[in-house]
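Chain by chain, the residues:
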Amino acid sequence: MTAIHDGETAGTEQAAEGRVYNVNGEDWDEVVGAISESAEERLVVNMGPQHPSTHGVLRLVLTLDGESVTEARVGIGYLHTGIEKNMEFRTWTQGVTFVTRMDYLSPIFNETAYCLAVEKLLGITDRVPARAQAIRVMMMELNRISSHLVAIATFGLELGATTPMLFGFREREMVLDLFEYITGLRMNMAYVRPGGVSVDLPAGAVDKIGEFLKVMPGRIQEMRKLLDENPAYTRRTKDVAYLDLTGCMALGITGPMLRAAGLPWDLRKSQPYCGYETYDFGVPIQTTCDVYGRYLVRVAEMEESLKIIGQCLDRLSGSELKGKPVMIEDKKIGWPSQLALGPDGLGNSPDHIAHIMSTSMEALIHHFKLVTEGFRVPAGQAYVAVESPRGELGAHVVSDGGTRPYRVHFRDPSFTNLQAVPATCEGGMVADVIAAVASIDPVMGGVDR
Amino acid sequence: MSTENHPDNLPGVPEEPVARHGMFGVTDSGDTSGYGRLVVRRAPKLSSARPYGGYFDEIADGLEAAAGDSYAGMVERVVVDRGELTLHVAREHLTAVMSHLRDDPALRFELSLGVSGVHYPEDEGAELHAVYHLCSITHNRRVRVEVSCPDADPHIPSTVSVYPTHDWHERETYDFFGIVFDGHPALTRIEMPDDWEGHPQRKDYPLGGIPVEYRGATIPAPDQRRSYA
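Residues numbered from 1 in each chain as written. Chains lettered and ligands numbered in written order. Predicted model: local features only at pLDDT ≥ 70, side-chain atom pairs only at ≥ 80, totals over all residues. Heavy atoms only, no water.

- As annotated in an unreviewed UniProt entry, chain B carries the name NADH-quinone oxidoreductase subunit C and is attributed to Sphaerisporangium album.
- Checking UniProt for chain B, the heading Catalytic activity (unreviewed entry) contains the comment "a quinone + NADH + 5 H(+)(in) = a quinol + NAD(+) + 4 H(+)(out)".
- In its Subunit (unreviewed entry) section, the UniProt entry covering chain B states "NDH-1 is composed of 14 different subunits. Subunits NuoB, C, D, E, F, and G constitute the peripheral sector of the complex." (UniProt positions renumbered as here; feature names shortened; annotations may be inferred.)

- For chain A, the name recorded in an unreviewed UniProt entry is NADH-quinone oxidoreductase subunit D, with Sphaerisporangium album as its organism.

Now the structure itself:
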């Protein structure tokens, strides 16, 4: 649409759509001067896909009348990586390493949704060890905290406040350190596997998480002190980007946005999975339908998550689950290799290597078959949804009876929730677009997949 | 009834079409894999009869009551599998079924979780499937609606008027599978660039990729590698 101007700043030209202004930086005076000459008040601004406040590569096309937005259009697809297609050429277990990269701020949720769907297709949902389920719940709740912290941190930064950003990322680092200690990786861990989790908690993990549980409530309080009653913050967030329950239902909005509209709909309560029905926690709601309400829901959810993590720790260190397996006993499905922490990081357990390489030919054959061929999944389709930090994350998994997924589709909440941008932004001020988009908390990796 | 080729004490020969012979894509006589006589058949098309169990019967009853006489033509097949209810709906009745599912007090599927496409190239006359997952918050239930259309006439009516959230989901399914949702307000590509040719999630669309050389050995692209099929 925009023609290239060589070396010229604030160039203008006549195009079929009207006058096009080329902005090259440090030339706003010239742009403003050129615009003030024309009688046309309507301005179409292209925001993104490289704009720092668009959460990655989201593109917004805003039609402005003065300072108010008359039309907001969203362009996505800049981060499309073909993960769903790629998975059709890998084994069921390898699929985990792909889905974890979709919504990169909530990898554990992607993995769990996918694994629960594969387990449903295999018909082994009830045979997944209780210890694995408790670890999954604990990891998901840790992940929920880290994801919400990024949401609040980047939101603060986008409104021009750097302290929430520093606080948020500092606290998130604590969660990522825990992830690194447990799984070996800070992000994209591929930790949850069909049939259980890849490795049991290492020695000392329970203590480290215990310390985290002691520190974290104070840190959340600090964040609350900083933002809850902050007039600069509340003025930018209260009554901004209003979307009520009717709008949420029509647009398929789930997660904190829906709960900020007053509906206590949380899949952990209404359609529990991984044993969530046995944990004691609340579903925070707000009825303001605005950006501030969504912020309050997220902070309160972090506090509820801490409660769940505490209960997980009690169970994991209790006599019932301590030392129990974390992978399904079925040798035809459970990953044969065990991981162990060596001097150079997490890797194949030396005991397992010694076993298959020097003592048992059958174990070697079994290992080779399961790792290269993988297991077969009976034909059929399954849809499993989990409550991710952004809403209902659904995995629609289809099998044709082979060793690879026939089709995997992720119903990512960011993708659906972004459809609310025109509904929440049109008619508002251009500055509120930033707040509205940030309150949706879209993660483009999940949107585009 | 016993015959020479089919004695009573053996299970019946499955009638499903053969998906493939052998393994690893070996077709010539030099098959040393030991799988030369393997015959793999396609999974049978499931169809469940009443009672479906659980709340599934209430959903079917509710839809039957709302639709009246046209129910038999609307719902072609009902599948209950792995604790999930799937209604295979004729495409010309899709919007009506969706409206009933959303509005009828006994059904009340207020929330749609969008559209997912699946390409079954061997399912002649119904190659392209659009799969809708609906959720009822009032009754806390789920249902899956599946619609198919032939590759030669890839048209399915749009349901954006019933569930506005399908706007982007239908665009995505069009983008990836080439299903044209008639009546969609602006059916354009959403993930792929506007001038992209082809629909990448179809099974006849190659994955792409280049062979990688590592220490003198060449590892083919993922879709060219030997596989257990």
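Let us keep going from here.
**A short note on the interface of chain A and chain B**
Then step 1. At the interface, 50 residues of chain A touch 53 residues of chain B.
Then step 2. Buried area between chain A and chain B, both sides added, is near 4,300 Å², and the carbon and sulfur share of it is 52%.
Then step 3. By the criterion of area lost to chain B, the three top residues of chain A are A:Lys85, A:Gln381 and A:Tyr406, representing 16% of everything that side buries.
Then step 4. Linking chain A with chain B are 5 salt bridges, by the criterion used here.
Then step 5. Here B:Arg142 ties to A:Glu392 by a salt bridge, and the two come within 3.0 Å at their closest N and O atoms.
Then step 6. In this structure, the connection of chain A to chain B is made through 25 residue pairs in polar contact (both at pLDDT 80 or more).
Then step 7. With 5 residues, the top contributor of residues to the side of chain A that touches chain B is strand β10 (residues 380-388) of chain A. (Contact = heavy atoms within 4.5 Å. Buried area = accessible area lost by both parts, 1.4 Å probe. Salt bridge = Lys/Arg side-chain N within 4 Å of Asp/Glu carboxyl O. Polar contact = N/O pair within 3.5 Å; in protein donor to acceptor, adjacent residues only side chain to side chain. Helix = DSSP H or I, 4+ residues; strand = E, 2+ residues; numbered from the N terminus.)

**Focus on helix α5 (residues 130-158) of chain A**
Residue and element names in this part refer to chain A.
Then step 1. Its 29 residues place the ends of α5 42 Å apart at the C-alpha level, agreeing with the 42 Å of an ideal helix rising 1.5 Å per residue.
Then step 2. With 27 of 29 residues buried, α5 lies mostly within the body of the structure.
Then step 3. After α5 finishes, the residue Gly160 shows a positive phi value of roughly 100°. (Expected span 1.5 Å × (residues − 1). Buried < 20%, exposed > 50% of the residue type's maximum accessible area, 1.4 Å probe, protein only.)

**As for the UniProt feature "domain: NADH:ubiquinone oxidoreductase 30kDa subunit" (unreviewed entry) in chain B**
Then step 1. In the numbering adopted here, UniProt assigns the feature "domain: NADH:ubiquinone oxidoreductase 30kDa subunit" (unreviewed entry) to residues 87-209 of chain B.
Then step 2. Across residues 87-209 of chain B one finds 18% helix and 29% strand; the C-alpha atoms that close the span lie 38 Å apart.

**Here we look at helix α14 (residues 361-373) of chain A**
Residues and elements named next belong to chain A.
Then step 1. Compared with an ideal rise of 1.5 Å per residue, which puts 13 residues at 18 Å, α14 spans 18 Å between its outermost C-alpha atoms and is within 8% of the ideal.
Then step 2. By the burial criterion, the buried members of α14 are Ala363, His367, Leu370 and Glu373.
Then step 3. If you follow the buried residues of α14, they end up packed against α13 (350-359).
Then step 4. Directly beyond the C-terminal end of α14, a positive phi value near 85° is found at Gly374.

**Concerning the packing of aromatic side chains**
Then step 1. Scanning the entire structure with this criterion turns up 9 aromatic pairs over all chains.
Then step 2. With centroids separated by 5.5 Å and ring planes inclined at 15°, the aromatic side chains of A:Tyr406 and B:Tyr120 adopt a geometry described as stacked. Of this pair, A:Tyr406 sits in the loop between β11 (391-399) and β12 (407-411) while B:Tyr120 sits in the loop between β5 (111-119) and β6 (128-136), which puts the two residues in different chains. Side by side, A:Tyr406 and B:Tyr120 carry an identical accessibility label, which is buried.
Then step 3. An angle of 65° between the planes, with centres 5.6 Å apart, marks the rings of A:Phe415 and B:Trp168 as edge-to-face. One end of the pair, A:Phe415, is in helix α15 (residues 413-417); the other, B:Trp168, is in helix α4 (residues 166-177), on a second chain. (Phe/Tyr/Trp six-rings, centres within 6.5 Å; stacked < 30°, edge-to-face > 60°.)

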